[in-house]
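In case you want the letters, here they are:
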Amino acid sequence: MISSKCKALSAATRLDSRLIRRSLISNQSTDQGIPPPLTGIRVLDLTRVLAGPSCTMLLADMGADVIKVEEVTRGDDTRSWLPPSAAVSPNSPKESLHLPPESAYFLAVNRNKRSITVNFKDPAGLEVMQRLVRTSDVLVENFIAGKLAGMGLGWEDCRVLNPRLVYASITGYGQTGPFREAAGYDVIIEAEAGLMHITGEPDRPPSKVGVAVTDLMTGLYAHGAILAGLHSVQHTGKGVWIDCNLFETQLAGLANIASNYLIAGKEASRHGTAHPSIVPYQVFPCKGGFLMIGAGNDKQFRLLAERILEKPELADDARFANNAARVANREALVDIITQVLQRHERDYWIGRFTGLGVPFGPINNIQQTFAHPQVGARQATVEVDHPRAGKVKMVAPPVTYNGKRMPVRRPPPWLSQHTKEVMLELGYSQNEIAELRARKII
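The protein appears in an unreviewed UniProt entry as CAIB BAIF family enzyme from Suillus plorans. The record held by UniProt for the protein lists under Sequence similarities (unreviewed entry) the comment "Belongs to the CoA-transferase III family."

Student: I would appreciate a short explanation of the sheet that holds strand S8 (residues 289-294) in the present structure.
Tutor: By way of backbone hydrogen bonds, the strands of a sheet pair with one another, either parallel or antiparallel. The antiparallel open sheet is built from 3 strands, whose spatial order is S7-S8-S9. Both edges of this open sheet fall to strand S7 (281-286) and strand S9 (360-362), since each of them pairs with a single strand only. Sheet twist, expressed as the average angle between the axes of neighbouring strands with direction ignored, equals 20°. Here 3 bridges tie S8 to S9, and the two strands are oriented antiparallel to one another. When the bridges of S9 are listed, Met292 appears paired with Gly361. Strands in contact with helix H14 (residues 346-353) are S7, S8 and S9; relative to S8, the strand with the most contacts, it is inclined by about 25°.

Student: Would you explain the packing of helix H10 (residues 298-308) against H14 in this entry?
Tutor: The description of two helices packed together rests on the angle between their axes and the distance between the axes. Two elements in contact, H10 and H14, have axes separated by 10 Å at closest approach and are oriented at 120°. Relative to H14, the element H10 lies oblique. In this structure, H10 meets H14 at a crossing whose hand is right-handed. When H10 is examined against H14, the residues Leu304, Arg307 and Ile308 are found in contact with a partner set consisting of Trp349, Arg352 and Phe353. Considered class by class, the residues forming the contact of H10 with H14 number 4 nonpolar, no polar and 2 charged.

Student: Help me understand unusual backbone geometry, please; the structure alone is not making it clear to me.
Tutor: The general pattern is negative phi for most residues beyond glycine and trans for most peptide bonds. Look at the link from Leu82 to Pro83: it is a cis peptide, with omega at 0°. With respect to the element layout, Pro83 can be found in the loop between strand S2 (65-70) and helix H3 (104-108). Following Pro83, the chain continues to Pro84 via a peptide bond in cis, the omega torsion being 0°. Structurally, Pro84 is set in the loop between S2 and H3. For Asn112, which is not glycine, the phi dihedral falls at a positive 65°. Take Asn112: it is sitting in the loop between H3 and strand S3 (113-117). Taking the relative accessible area as the measure of exposure, Asn112 reaches 1% and is therefore buried. One non-glycine residue with positive phi stands out, namely Lys440, at about 60°. Of the residues examined, Lys440 reaches a relative accessible area of 58% and is grouped as exposed.

Rules used throughout
Counting of residues starts from 1 at the beginning of each chain's written sequence and follows it residue by residue. Given that this is a predicted model, residues contribute local features only at a pLDDT of at least 70 and side-chain atom pairs are listed and counted only at 80 or more, while totals for whole chains, interfaces and linings are drawn from all residues. Water and hydrogen atoms play no part in the side-chain values, which are based on all heavy atoms of the structure. UniProt positions are given in the numbering used here, feature names are shortened, and annotations may be inferred rather than shown by experiment. When DSSP finds at least two bridges between two strands, those strands are taken to pair. The numbering of helices and of strands both runs from the N terminus, where a helix is a DSSP run of H or I of at least 4 residues and a strand a run of E of at least 2. Interaxial angle, 0 to 180 degrees, is taken between N-to-C directions of lines fitted to C-alpha atoms, where a helix line uses only the stretch in contact. Only heavy atoms enter the contact rule, under which two residues are in contact if any of them lie within 4.5 Å. For this classification, under 35 degrees means roughly parallel, over 145 means roughly antiparallel, 65 to 115 means roughly perpendicular, and everything else is oblique. Note: crossing handedness is left-handed where the near helix turns anticlockwise from the far helix by less than a right angle, and right-handed where it turns clockwise. Just so you know the grouping, Ala, Val, Leu, Ile, Met, Phe, Trp, Tyr, Cys and Pro go in nonpolar, Asp, Glu, Lys and Arg go in charged, and all remaining residues, Gly too, go in polar. Exposure categories follow from relative accessible area, calculated using a 1.4 Å probe and restricted to protein chains: below 20% of the type maximum is buried, above 50% is exposed, and the middle band is partly exposed.

Listed below in structure tokens is the structure:
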């Protein structure tokens, strides 16, 4: 047990260190955007794979000190999801030579973090975690509901250690209900919460989205909820337990499709790239590629017919004179547009569309996406020096403040890179650290 005097000293030390760290903000110039707003906030990251790590990366981008706690021998599951991976530098730290290459998946969502490894199933490892909880502002975890509570690190346990803690739980289905103990997988939630039913071509089986969009949306919701929780603590002095899950995130992500059903009982269906209520509004093939065209009103359709396709008669044809008529005669109009577009290459049509006000876009592969002129103009990628992989390119934080992005202060960490550093911060001696390493606790 910790005495009341020790508790008071721990709280005072924590407050002093935060005040010191936060005081640095006022001394930073705002010429380069804004100072990282979460400087001085410590986040204890007990998450793996994508939803949780994407959330904590957003917090890290804002300046939070994110300490990623990983399993001692393997770390985050995504470290082993390779190929592809970054090449291992011949100048890698000797402590890391036993590790596999850094997977591209892991590198994508773990920048600006520190990595430590702890076996907190062992009492000595649990003590390390308890020290971290006492010195953290936020804890984020994505264990199955109730799992951490059974290990002494549930919300009720942690709030005793740190009454001001924002404790965020990310699960598949939430902390209550008949599915509370079910594991959460993006692709399963896509299926179970309606997204797959509306994704794909109408005459083909349901399809998943090309990236784990439900995981990413959940990370965004959790990140926003944590910021709200920190704001609440400033006003109330009391911690918050945030319950964020993939299932309800995906329900919210159904947006107007959900509203159509809840308000009018309207069941949804698959339309491929087409829109159920607007024509033409879909992907069309042309020579050497595809174009997405979205002529959403009569003016845009007339421009498409007269100026781009050079078939002015379409705009005056009674079958296509307004959107309702075009929807009723969808198949005929789509066939006509397809025949015209297939006469020329994609670049030809890009030239004809450009500047006329008809929404369009080429279907780019990933290479073409990163060669897009907007990527270079906006500096939407960043290159960082990684101690094991050398120069590593990644997508930059996608938001600017006064025209400047938050900096990438740290490359994604190699497994256990910062264990000794953090243990020293927690008050462990060199001998204690060596002993815990020998016992494979850290």
